[in-house]
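Residue strings, one per chain:
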Amino acid sequence: MSKVNKLINNVYEELECSEYIIDHSNMVYKRTKDITKYYNNVDKDLIKAGAKLHDVGRTVTNGIKHAYIGADLLRDLDVDERICKITERHIGAGISAKEAKELGLPDRKYIPETLEEKIVAHADNLVHGVKFVDIDFVIKKWTKKGMSQESIDRLIKLDNELMNR
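So, a few notes on the structure that sits alongside this text. (Residues numbered from 1 in each chain as written. Predicted model: local features only at pLDDT ≥ 70, side-chain atom pairs only at ≥ 80, totals over all residues. Heavy atoms only, no water.)

1. Description of the overall build of the chain
Now for step 1: Along the chain, the regular secondary structure elements total nine helices and two strands.
Now for step 2: Each helix (α) and strand (β) of the chain, taken in turn from the N terminus, gives the series α-α-α-α-α-α-α-β-β-α-α.
Now for step 3: A compact globule built from 165 residues should have a C-alpha radius of gyration of about 15 Å, and the chain, at 15 Å, falls within 12% of that.
Now for step 4: Seen through its C-alpha atoms, the chain measures out along the principal axes to roughly 40 × 35 × 25 Å.
Now for step 5: Residues counted as buried form 50% of the 165 residues belonging to the chain.
Now for step 6: Carbon and sulfur atoms make up 49% of the accessible area of the chain, which amounts to about 8800 Å² in all.
Now for step 7: Looking at charge distribution, the chain has the averaged site of its 28 positive side-chain charges lying 4 Å from that of its 28 negative ones. (Helix = DSSP H or I, 4+ residues; strand = E, 2+ residues; numbered from the N terminus. Rg over C-alpha atoms; globule rule 2.2 N^0.38 Å. Buried < 20%, exposed > 50% of the residue type's maximum accessible area, 1.4 Å probe, protein only. Areas by Shrake-Rupley, 256 points an atom, 1.4 Å probe, with all protein chains shown as cover. Lys, Arg positive; Asp, Glu negative; His and termini not counted. Charge placed at Lys NZ, Arg CZ, Asp CG, Glu CD.)

Right, here's the structure in full:
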């Protein structure tokens with residue numbers, strides 16, 4: 001078993017991740033492949049670990065706080081900080097400092113910065129439960145949820161950046 005797979009399995013076991021978290025995360029990992037095909041310069045092991053561990057915070061809460069809680073759970077398990085950052089920054093196309101403050105999140109950076117962080121965040125956007133969806137589906141879903149235009153614009157910008165449009 002590869003080092004990455006061993007890490008993923010150990011975290012799933014340690015945090016008692018549900019089948020749903022695992023199934024969703026496997027689909028997000030599969031979706032990353034639709035994005036990484038455009039890039040030769042990405043760390044595919046990091047993307048795999050980030051995609052498969054991005055939602056571990058859902059073992060504690062399904063709210064927006066699951067991102068930073070998941071990152072902290074991973075830090076407590078001494079997981080590579082790059083994977084923790086992917087987990088912390090995977091919500092939508094990121095959360096601005098102003099939005100984070102309004103949402104009561106700790107003072108951290110929630111906008112994906114590295115290519116790997118962006119790829120996992122966007123792959124997660126393009127998976128609804130365990131089904132692949134397109135950008136139009138996500139825009140409609142976010143609009144229905146009352147997401148800010150700023151968030152939707154960030155989503156579209158990320159999609160354009162990553163999907164070679």
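There's more to say after this.
2. Points about helix 5 (residues 81-88)
Now for step 1: Along helix 5, the residues that are buried comprise Ile83, Cys84, Ile86, Thr87 and Glu88.
Now for step 2: Packing partners of the buried residues in helix 5 comprise helix 1 (3-15), helix 3 (44-53), helix 4 (66-76) and helix 7 (115-125).
Now for step 3: Structurally, the start of helix 5 carries an N-cap: the backbone nitrogen of Arg82 is 2.7 Å from a side-chain oxygen of Asp80. (Contact = heavy atoms within 4.5 Å. Polar contact = N/O pair within 3.5 Å; in protein donor to acceptor, adjacent residues only side chain to side chain.)

3. Focus: the environment of Thr59
Now for step 1: Along the chain, Thr59 falls in the loop between helix 3 and helix 4.
Now for step 2: Between the C-alpha atoms of Thr59 and Glu16, which are 43 residues apart in sequence, the distance is 7.3 Å.
Now for step 3: Setting aside its immediate chain neighbours within four residues, Thr59 contacts Leu15, Glu16, Cys17, Ile21 and Leu73.
Now for step 4: Only 2.8 Å separates the side chain of Thr59 from the backbone oxygen of Val56, close enough to count as a polar contact.

4. Comments concerning helix 8 (residues 135-145)
Now for step 1: Buried within helix 8 are the following residues: Ile135, Val138 and Trp142. Along the long axis of helix 8, the arc covered by the buried residues comes to 60°, so they all point the same way. Exposed residues on helix 8 whose side chains face more than 90 degrees from its buried face are Lys140 and Lys144.
Now for step 2: Buried-residue contacts for helix 8 involve helix 7 and helix 9 (149-162).
Now for step 3: Where helix 8 begins, the capping side chain belongs to Asp134, and its oxygen is found 3.2 Å from the backbone nitrogen of Asp136.
Now for step 4: Among the residues trailing helix 8, Gly146 stands out with phi positive, at a value near 85°. (Arc of directions from axis to C-beta.)

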